[in-house]
Amino acid sequence: KLSVAPEMDIMEYCGREWRGNTPVARRMRKGYEAVAQKFASIRRVRGDNYCALRATLFQALSQATQLPSWMQSEDFTLLPGNLLSKYDWIKQWQQKQKPTRKIGEISAEIKGHLMLLRKKWKYISDIKGAAEKQEACDKLFRSEEEEYSLYEALKFLMLNTAIELYDSEKSGRRVPVFSWLLFARDTSSNPCQLMLNHLNQIGHSGGLEQVEMFLLAYALQHAIQAYRLYKYGTDEFVTLYPSDPEEDWPVVTLITEDDRHYNVPVRMCQETVL
């Protein structure tokens, strides 16, 4: 069962999904036409509450040519142990269909997820041929157990980034604007609340909110470019998370009709050289 469907022509997909003549349907068609100027095809992403993580990771791996430097450091796999020794509340970390466990078990499990993420990223980025790389990605996104393990790794990296941002702000260092917004919510005024009320819910009762798309981008050190089709005709039609990424961050592109479900555009159109 492939959680990212095979590719389909973008305008064919749009015609199937948006037939009517309502203002919304007309706007969606205009949005898809604009995306079709850049990309030829779309791949539909399974619509559970992991779809933002799934779409982002799928795109990042599809175009990976090297293991990110931050994943290469020894500290990467020591992260769970280090954080759990400092923040006792992380033992309330909730995994997909897993009951609460002892601290040592949680640390070992999360370390396993991070190691799997590094292993898969390295394996796929080492593949040179585009078709072979795509085949390896498709295979990974067919393996439910591995796939969900990777999402746990991403969620934990988001938590780590949130803790770093929170501590930076508390000690008077400059933080990006989204960090203030993240911790200005009643439900996430600190990293513990963010974990309990948001990160623990991803994949269960909720997906990623917009401000968490910024957090995901920072955690992966990738810029996420989203075509937000319902915003067609406004400045927010193409939104970049963050709006001023580091120059060396790779860019992954997603499509959303409503900021809740994300699909992935594929096959960039070759610019016609006159």
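Treat the numbers as computed from the prediction; the structure is a model and nothing was measured.

**Description of the packing of helix H8 (residues 144-170) against helix H9 (residues 177-184)**
- Contact geometry of H8 with H9 gives a least axis separation of 10 Å together with a crossing angle of 100°. Overall, the two elements H8 and H9 adopt an arrangement that is roughly perpendicular. Across the interface between the two elements, Ala 162, Leu 165, Tyr 166 and Glu 169 from H8 touch Phe 178, Ser 179, Trp 180, Leu 182 and Phe 183 from H9.
- By residue class, the composition of the contact of H8 with H9 is seven nonpolar, one polar and one charged.

**Examining helix H2 (residues 23-36)**
- In this model H2 runs 20 Å from its N-terminal to its C-terminal C-alpha over 14 residues, within 8% of the 20 Å that 1.5 Å per residue would give.
- Buried within H2 are the following residues: Ala 25, Met 28, Gly 31, Tyr 32 and Val 35. The arc that holds the buried residues of H2, viewed along the axis, is 120°, so those residues lie on one side.
- Along its buried surface, H2 packs onto helix H1 (10-17), strand E2 (39-43), strand E3 (223-228), strand E5 (251-256) and strand E6 (262-268).

**Brief notes about H1**
- Ile 10, Tyr 13 and Cys 14 are the residues of H1 that are buried. What you see down the axis of H1 is that its buried residues fit within an arc of 100°, all on one side.
- For H1, the secondary structure elements touched by its buried residues are strand E1 (8-9), H2, E2 and E6.
- Sitting at the amino-terminal end of H1 is Asp 9, which places a side-chain oxygen 3.1 Å from the backbone nitrogen of Met 11.

**Structural notes on the sheet that holds E3**
- Read across the sheet, six strands follow the order E1-E2-E6-E5-E3-E4 without closing on themselves; strand pairing throughout is mixed. The open sheet has two edge strands, E1 and strand E4 (238-241), and neither has a second partner.
- Where E2 meets E6, four bridges bridge the pair, whose relative direction is antiparallel. Counted as the bridge partner of Ser 41 is Val 266 from E6.

**Things to note about the pairing of E6**
- Among the seven residues that make up E6, five are buried, leaving the element largely enclosed by the rest of the structure.
- Connecting the antiparallel pair E5 and E6 is a turn made up of five residues, with Asp 259 showing a positive phi of about 65°.

**Examining a nonpolar patch on the surface**
- A contiguous nonpolar surface patch, about 330 Å² in accessible area, is contributed by Val 177, Trp 180 and Leu 181.
- The exposed category is assigned to Leu 181, whose relative accessible area is 51%.

**A closer look at the UniProt feature "site: Linear diubiquitin binding" (unreviewed entry) in the protein**
- UniProt feature "site: Linear diubiquitin binding" (unreviewed entry): in the numbering of this structure it lies at Glu 236.
- Positionally, Glu 236 belongs in the loop between E3 and E4.
- Classification of Glu 236 as partly exposed rests on a relative accessible area of 37%.
- In this structure, Glu 236 is in contact with Arg 228 and Lys 231, ignoring residues within four places of it in sequence.

**Quick notes on the pattern of salt bridges**
- What the rule picks out here adds up to 16 salt bridges.
- Salt-bridge contacts for Arg 43 lead to Asp 138; the nearest nitrogen and oxygen are separated by 2.9 Å. A residue pair is termed long-range when its members are at least 10 positions apart, and Arg 43 in strand E2 and Asp 138 in helix H7 (residues 130-140) qualify at 95 residues.
- Residue classification places Arg 43 among the buried positions, given a relative accessible area of 4%.
- A relative accessible area of 15% places Asp 138 in the buried class.
- Here Glu 147 and Arg 54 are joined by a salt bridge, their closest N and O atoms 2.6 Å apart. Of this pair, Glu 147 sits in helix H8 while Arg 54 sits in helix H3 (residues 51-62), placing them 93 residues apart in sequence. Summarising the burial analysis for this pair, Glu 147 and Arg 54 share the class buried.

**Things to note about the pairing of E5**
- Counting buried positions over the six residues of E5 gives five, a clear majority of the element.
- One ladder, built from six bridges, connects E3 with E5; its direction is parallel. When the bridges of E5 are listed, Ile 224 appears paired with Val 252.
- The sheet contact formed by E5 and E6 spans two bridges and is antiparallel.

Calculation rules
- Within each chain, residue numbers correspond to sequence positions counted from 1 in written order.
- Per-residue local features are limited, in this predicted model, to residues with pLDDT of at least 70; the limit for side-chain atom pairs, both in listing and counting, is 80 or more; totals at the level of whole chains, interfaces and linings are taken over all residues.
- With hydrogens and water excluded, all non-hydrogen atoms of the structure serve as input to the side-chain values.
- For helices, the axis comes from a line fit to the C-alpha atoms of the stretch in contact; other axes are also lines fit to C-alpha atoms, and the angle between any two N-to-C directions lies between 0 and 180 degrees.
- Only DSSP runs of H or I reaching four residues or more are called helices, and only runs of E reaching two or more are called strands; each is numbered from the N terminus.
- For classification purposes, angles smaller than 35 degrees are called roughly parallel, those larger than 145 roughly antiparallel, those between 65 and 115 roughly perpendicular, and all remaining angles oblique.
- We call two residues contacting when some pair of their heavy atoms lies within 4.5 Å.
- Under this grouping Gly is polar, as are all residues other than the nonpolar Ala, Val, Leu, Ile, Met, Phe, Trp, Tyr, Cys and Pro and the charged Asp, Glu, Lys and Arg.
- Residue count minus one, scaled by 1.5 Å, sets the expected span of a helix.
- Between buried and exposed lies partly exposed: a residue is buried under 20% and exposed over 50% of the maximum accessible area for its type, with that area taken using a 1.4 Å probe on protein chains only.
- What the arc covers is the set of directions going from the helix axis to the C-beta atoms.
- Here a polar contact means two N or O atoms within 3.5 Å. Within protein one must be a hydrogen donor candidate and the other an acceptor candidate, and residues neighboring in sequence count only if both atoms are side-chain atoms.
- DSSP calls a pair of strands paired once it identifies at least 2 bridges connecting them.
- Patch definition: residues above 30% relative accessible area lacking any salt bridge, with like charges linked at up to 9 Å and the nonpolar side chains Val, Leu, Ile, Met, Phe, Trp and Tyr linked at up to 5 Å.
- The Shrake-Rupley method, run with a 1.4 Å probe, gives the accessible areas here. Residue values count only the displayed protein chains as cover.
- Throughout this description, the term salt bridge denotes a Lys or Arg side-chain nitrogen within 4 Å of a carboxyl oxygen of Asp or Glu.
- UniProt positions are given in the numbering used here, feature names are shortened, and annotations may be inferred rather than shown by experiment.

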